[in-house]
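# Analysis of the macromolecular model
This is what each chain is made of:
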Number of protein chains: 2
Amino acid sequence: MRSNENFLKIQSSYLFSMIGKKVREYKATNPQGDIIRLGIGDVTRPLPEAITQAMHSAVDDMSSESSFRGYPPEYGYDFLVEKINRYDFAARGVKLENDEIFVSDGAKSDTGNIGDIISVDNTVSVCDPIFPVYIDTNVMSGRAGVLLGNGKWSKLVYLAGSEKTDFLPELPKEHADIVYLCFPNNPTGMGITKPQLQKWVDWANENKSIILYDAAYEAFITEDLPHSIYELEGAKTCAIEFRSFSKTAGFTGVRCAYTIIPKQLTVNGVSLNKLWARRQATKFNGVSYVTQRAAEARYSDEGRKQVEQTIDFYLNNARIIKNGLNEAGFKTWGGVNSPYIWLKVPETMTSWEFFDYLLEKIQVVGTPGSGFGPAGEGFFRLTAFGNADKTLEAVERIKNLFAK
Amino acid sequence: MRSNENFLKIQSSYLFSMIGKKVREYKATNPQGDIIRLGIGDVTRPLPEAITQAMHSAVDDMSSESSFRGYPPEYGYDFLVEKINRYDFAARGVKLENDEIFVSDGAKSDTGNIGDIISVDNTVSVCDPIFPVYIDTNVMSGRAGVLLGNGKWSKLVYLAGSEKTDFLPELPKEHADIVYLCFPNNPTGMGITKPQLQKWVDWANENKSIILYDAAYEAFITEDLPHSIYELEGAKTCAIEFRSFSKTAGFTGVRCAYTIIPKQLTVNGVSLNKLWARRQATKFNGVSYVTQRAAEARYSDEGRKQVEQTIDFYLNNARIIKNGLNEAGFKTWGGVNSPYIWLKVPETMTSWEFFDYLLEKIQVVGTPGSGFGPAGEGFFRLTAFGNADKTLEAVERIKNLFAK
């Protein structure tokens, strides 16, 4: 009997576990400290009323024999898939078939599990900085190689972002079979324009590579940017898109997401849509009925209005944070099409030192940029998902601290 | 770019998809036929009131800022984990720590995903007949080898059950690193006694093998059989146990399960508990808050009483099916500690021929034994999850058909 030894390569704790640990330790020695958390990207607004109404009604369905629902369809109820198709794609001019949409319990599950359907010997390319789960799941499956002294994995192709390019990654110089892209970006909060994204789509088609496109934050787009990669010509032959209700409709605690795999997307004649269908039918049993009714309600007239109000609430927080940071002399990115604000930390500090400094001095918790990869060193992420008063208060504390 | 070519080895449709297809085709040409489905193991009773009350209350929590819950803890809320530990283990004399319990969205997910933490070069042993997901997930990950002419996979070690042994598998004669066991068994409905299971535990410890123990049907046990493998001495160093609320509390549409990995379970010094914790934290984001409150309510005084009533309802159906089949001259197994009744089909027919015969003649849908493996050929599974009147009606039709 042998375990999967690739798991042993991951030495450090998962970024957010480490943050949690540091905050707990601080609290233990400073129980009076009024900590404001702008670290983890978790929502705080209650679910919109249209959604909770639908959930109550779904619970009632489950309490009588005639309307009870057992195993859900493996890829999502038609009532939900149809709404996704209509409102998230058809309304933007993207034509999808319903069986190109796979409903799941979360984008984190899907971006991790997608590795099941691709060979372990593919070369994977990731942006730097990046959401750590993309890398960790590839380490676990053996695609990442070994961790080098510079903090990079030997087999991964890194696309380093920098201040100069406003953290927009450049096309890989080496061959890469798979590229993870996330726009609006986590952690930098930066969006991508259609012409910029078209370059990636063209590159992928030319190189027979596949783009794993994480669009979990598309609902925060306020400028003229693509919400779906399928708004770009040629994307259906090279891209898989991940979507989530977590940040859009406040579903981090409700758990619903979906993944698009167009039927045109084939690899040596093999349909990835079919492989994923098989994967999900075999290793997943569908999403809770109550959750799917909740997700459906997000698309009703009331649901759309109420979700928009929540997004506006967070975007207002983002503006407050961004403006405050700029006033305090920080250079910032994001916060316009995204709930994330990325800032440059003072030259004298590392990302983690800045984390400790903020926690110690003003009890504000953010996320160290280096947790997102080597190119994130010297940067820091704040999120707009907090309570409005607390967010204002945190910004005031930052301004006071750095005004001194 | 290469896909995972192991997926291509699976030729046939998933068993239950095939059944669904045949039923749809029958309906299309016989729209007047009154079909009774005793095929898929899906529950039909509404959720107990204690559970729907808890769900309504949890939905209310999600609708105000002060009680709103975002990302759930990756391994389950304490309120649920503590109840699981108290009622499912401590009450039976099994001492577990809370962090040996991992709450998830389903036992199918867990029995599939568990493959992530074990090396692909382990030898896997499966009972025959068996729940097909155990095999399919190993085919996908490359542990099964190639499909042979006899319907078996080249690298799997099969433990064939038979009438003679009442389908209790015998210990493997070849080396096996991993053995899947499921008791009460799906599909045969047979339980295992403590002395019988102790042999497996001892064998696993002697051979440094691991037992993947699926106890999804433990709530149906009426005789003196172990509910958990950890009731057996030595099981904590060799067994992982999968549990589900699906059949216990009628949660097939609610989605909640849990997996036990004791900390004593190590492989060459590596803790599988830690690997699974890492796997779940990276590729899973926890179970819906509303679902976890529903699962918690299953353990309240009212919840336990109401769940017991539902189980009794299904067990009564099982008795009716079993007695009816016996009266009609069939040899049967199971149905006493299980919602499944396994029967021997007439010598002149294969399992699928019997399926077609029942569908055509009396519109009763069951599951062909051969769908569970080569040793299932000549047998058939009926489930007790139907409506009581329909179950009675199906049994009457069977008795009439075979009395002729």
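All names here are of chain A. Pairing is mixed in the open sheet, where seven strands are placed in the order E2-E8-E7-E6-E5-E3-E4. Strands with a single pairing partner mark the edges of an open sheet, and in this sheet they are strand E2 (101-104) and strand E4 (157-160). Averaged over neighbouring strand pairs, the angle between their axes works out to 20° when direction is ignored. Pairing of E2 with strand E8 (residues 257-260), which is carried by four bridges, proceeds in the antiparallel orientation. Across the sheet, Ile101 pairs through a bridge with Ile260, a residue of E8.

Another point: unusual backbone geometry. Residue and element names in this part refer to chain A. Cis geometry marks the peptide bond from Asp128 to Pro129; its omega dihedral reads 5°. As for its placement among the helices and strands, Pro129 is situated in the loop between strand E3 (124-128) and helix H5 (132-141). Of the consecutive residues Phe183 and Pro184, the connecting peptide bond is found in the cis state with omega at -10°. In the Ramachandran plot, Gln363 falls in the positive-phi region, its phi being about 55° despite a non-glycine side chain. Residue placement: Gln363 occurs in the loop between helix H10 (351-362) and strand E13 (364-365).

Bringing the domain arrangement of chain A into the picture now. Residue and element names in this part refer to chain A. Taken domain by domain, chain A holds domain 1 (5-46 + 304-403) and domain 2 (52-301). One C-alpha centre belongs to domain 1, the other to domain 2, and the line joining them spans 25 Å. Listed by partner, the interface residues are 35 residues for domain 1 and 47 residues for domain 2. Summed over both partners, the interface of domain 1 with domain 2 buries about 3500 Å², with 62% contributed by carbon and sulfur atoms. Of all residues in domain 1, Arg304, Asn337 and Phe372 give up the largest surface area on contact with domain 2, accounting jointly for 21% of the area buried on that side. The tally of links between domain 1 and domain 2 comes to three salt bridges. Of the charged contacts in the structure, one is a salt bridge between Arg304 and Asp301, with a shortest N-O distance of 3.4 Å. Remark: the boundary between domain 1 and domain 2 carries 18 residue pairs in polar contact (both at pLDDT 80 or more). Elements that contribute at least two residues to the side of domain 1 that touches domain 2 include exactly helix H9 (301-327), strand E11 (332-334), strand E12 (340-344) and strand E15 (379-383). At six residues, the largest contribution of residues to the side of domain 1 that touches domain 2 is made by H9.

Let's shift gears to the interface of chain B and chain A. Contacts between the two partners involve 76 residues from chain B, matched on the other side by 76 residues from chain A. Here chain B packs against chain A, burying approximately 6500 Å² in sum over the two surfaces, 57% of which is carbon and sulfur. Interface area lost by chain B to chain A is led by Met1, Tyr71 and Arg278 of chain B, which between them contribute 13%. Joining chain B to chain A, the criterion identifies six salt bridges. For Asp136 of chain B, the salt bridge is made with Arg278 of chain A, and the minimal N-O distance between the two is 3.0 Å.

Take the side chain of Glu296 of chain B next. Within the secondary structure layout, Glu296 of chain B lies in helix H8 (residues 289-297). Glu296 of chain B has contacts with Phe79, Leu80 and Lys83 of chain B, leaving out every residue within four places of it along the chain.

Right, let's get into helix H6 (residues 194-207) of chain B. Compared with the 20 Å implied by 1.5 Å per residue over 14 residues, the 20 Å span of H6 of chain B between its first and last C-alpha is a close match. On its buried side, H6 of chain B packs onto strand E4 (157-160), strand E5 (178-182) and strand E6 (210-214) of chain B.

So, on to empty space enclosed by the protein. Per the counting criterion, the structure on display carries nine cavities of 30 Å³ or more. Forming the walls of the largest cavity are 14 residues, and the residues nearest its centre are Asp105, Arg255 and Ser288 of chain A together with Asp105 and Arg255 of chain B. In terms of residue class, the lining of the largest cavity is made up of four nonpolar, six polar and four charged. Its boundaries defined by the atoms lining it, the second largest cavity holds a volume of some 90 Å³. Lining the second largest cavity are 13 residues, and of these Asn113 of chain A together with Asp105, Ser109, Asn113 and Phe284 of chain B lie nearest its centre. The set of elements that each furnish at least two residues to the lining of the second largest cavity consists of helix H4 (107-113) and helix H7 (272-283) of chain A together with helix H4 (107-113) and helix H7 (272-283) of chain B. Top element by residues in the lining of the second largest cavity is H7 of chain B. It accounts for three residues.

This part takes up the confidence of the model for chain A. Per-residue confidence for chain A averages 96 on the pLDDT scale, and 99% of its residues sit at or above 70. Taken over the whole predicted complex, pTM reads 0.96, whereas the ipTM for its chain interfaces reads 0.96.

Moving on, we get to the relation of the copies chain B and chain A. If you rotate chain B by 180° and push it 0.0 Å along the axis, it lands on chain A with an RMSD of 0.0 Å. Taken together, the turn and the small shift mark the pair as related by a two-fold rotation axis. When C-alpha distances to the rotation axis are compared across chain B, the minimum falls at His56 of chain B, with a value of 3.0 Å. Comparing interface residues between copies, 100% of those in chain B also sit at the interface in chain A, which points to an isologous, same-surface contact.

We now examine the state of the cysteines. Per the stated rule, a full pass over the model turns up zero disulfides over all chains. Its sulfur unpaired, Cys238 of chain B is 15 Å from the next cysteine sulfur, which belongs to Cys127 of chain B.

Turning our attention to the packing of helix H2 (residues 49-61) of chain B against H8 of chain B. Residue and element names in this part refer to chain B. Running from N to C, H2 and H8 cross one another at 145°; their axes reach a closest spacing of 8 Å. Along this stretch, H2 crosses H8, giving a crossing that reads as right-handed. Every residue of H8 that contacts H2 at Ala50, Ile51, Ala54, Met55, Ala58, Val59 and Asp61 is listed here: Tyr289, Val290, Arg293, Ala294 and Ala297.

This paragraph deals with the nonpolar core. Formed by 143 residues in total, the largest nonpolar core has its most connected members in Leu272 of chain A together with Leu272 of chain B. Residues within four places of Leu272 of chain A in sequence aside, it is in contact with Ile117, Ile210, Ile240, Ile261, Leu265 and Val267 of chain A together with Met1 and Ser3 of chain B.

Here we come to the environment of Val267 of chain B. All names here are of chain B. By the secondary structure assignment, Val267 is in strand E9 (residues 266-267). Exposure remark for Val267: the relative accessible area of 5% places this residue in the buried category. Spatially, the C-alpha atom of Val267 lies 9.2 Å from that of Ile210, the residues being 57 residues apart in sequence.

Glancing now at the pattern of salt bridges. Counted under the stated rule, the structure contains 54 salt bridges over all chains. Put simply, Glu396 of chain A and Lys399 of chain A hold a salt bridge, and the shortest N to O gap is 3.5 Å. Of the two residues, Glu396 of chain A and Lys399 of chain A both sit in helix H11 (residues 388-403), three residues apart, roughly one turn of that helix. Relative accessible area serves as the criterion here: at 36%, Glu396 of chain A is assigned to the partly exposed category. With its nearest N and O atoms 3.0 Å apart, the salt bridge here joins Lys399 of chain B to Glu327 of chain B.

A regular strand places its side chains so that they alternate between the two faces of the sheet. Residues and elements named next belong to chain A. Here four bridges tie E3 to E4, and the two strands are oriented parallel to one another. Its bridge partner being in E4, Val126 is matched across the sheet by Tyr158. For the crossover that starts at E3, traverses H5 and ends in the parallel E4, the hand is right-handed.

A word on the side chain of Arg298 of chain A. For Arg298 of chain A, the location among the structural elements is in the loop between helix H8 (289-297) and H9. Beyond its immediate sequence surroundings of up to four residues, Arg298 of chain A is in contact with Ile51, Phe245, Thr248, Ala249, Gly303, Arg304 and Val307 of chain A.

All names here are of chain B. What the four strands build is an open sheet, ordered E11-E12-E15-E14; its pairing is antiparallel. A single partner strand is all that each edge strand has here, and the edge strands are strand E11 (332-334) and strand E14 (367-368). With two bridges connecting them, E14 and strand E15 (residues 379-383) associate as antiparallel partners. Across the sheet, the residue bridging to Pro368 is Phe380, located in E15.

About the thresholds
- Residues numbered from 1 in each chain as written.
- Chains lettered and ligands numbered in written order.
- Predicted model: local features only at pLDDT ≥ 70, side-chain atom pairs only at ≥ 80, totals over all residues.
- Heavy atoms only, no water.
- Pairing = 2+ DSSP bridges.
- Helix = DSSP H or I, 4+ residues; strand = E, 2+ residues; numbered from the N terminus.
- Axes fitted to C-alpha atoms, helices over the stretch in contact; angles between N-to-C directions.
- Domains from an automatic or database assignment.
- Contact = heavy atoms within 4.5 Å.
- Buried area = accessible area lost by both parts, 1.4 Å probe.
- Salt bridge = Lys/Arg side-chain N within 4 Å of Asp/Glu carboxyl O.
- Polar contact = N/O pair within 3.5 Å; in protein donor to acceptor, adjacent residues only side chain to side chain.
- Expected span 1.5 Å × (residues − 1).
- 1 Å grid on protein atoms, 1.4 Å probe; cavity = no way out; pocket = protein on both sides within 12 Å on 5 of 7 lines; lining within 4 Å.
- Points joined across faces, edges and corners; volume = space filled by probe spheres on them.
- Nonpolar A, V, L, I, M, F, W, Y, C, P; charged D, E, K, R; others polar.
- pLDDT = per-residue confidence, 0-100.
- Least-squares fit on C-alpha atoms with pLDDT ≥ 70 in both.
- Disulfide = S-S within 2.5 Å.
- Left-handed = near helix turned anticlockwise from the far one by under 90°.
- Core = buried A, V, L, I, M, F, W, Y, C linked by side-chain atoms within 4.5 Å.
- Buried < 20%, exposed > 50% of the residue type's maximum accessible area, 1.4 Å probe, protein only.
- Right-handed = clockwise from strand over helix to strand, strands pointing away.

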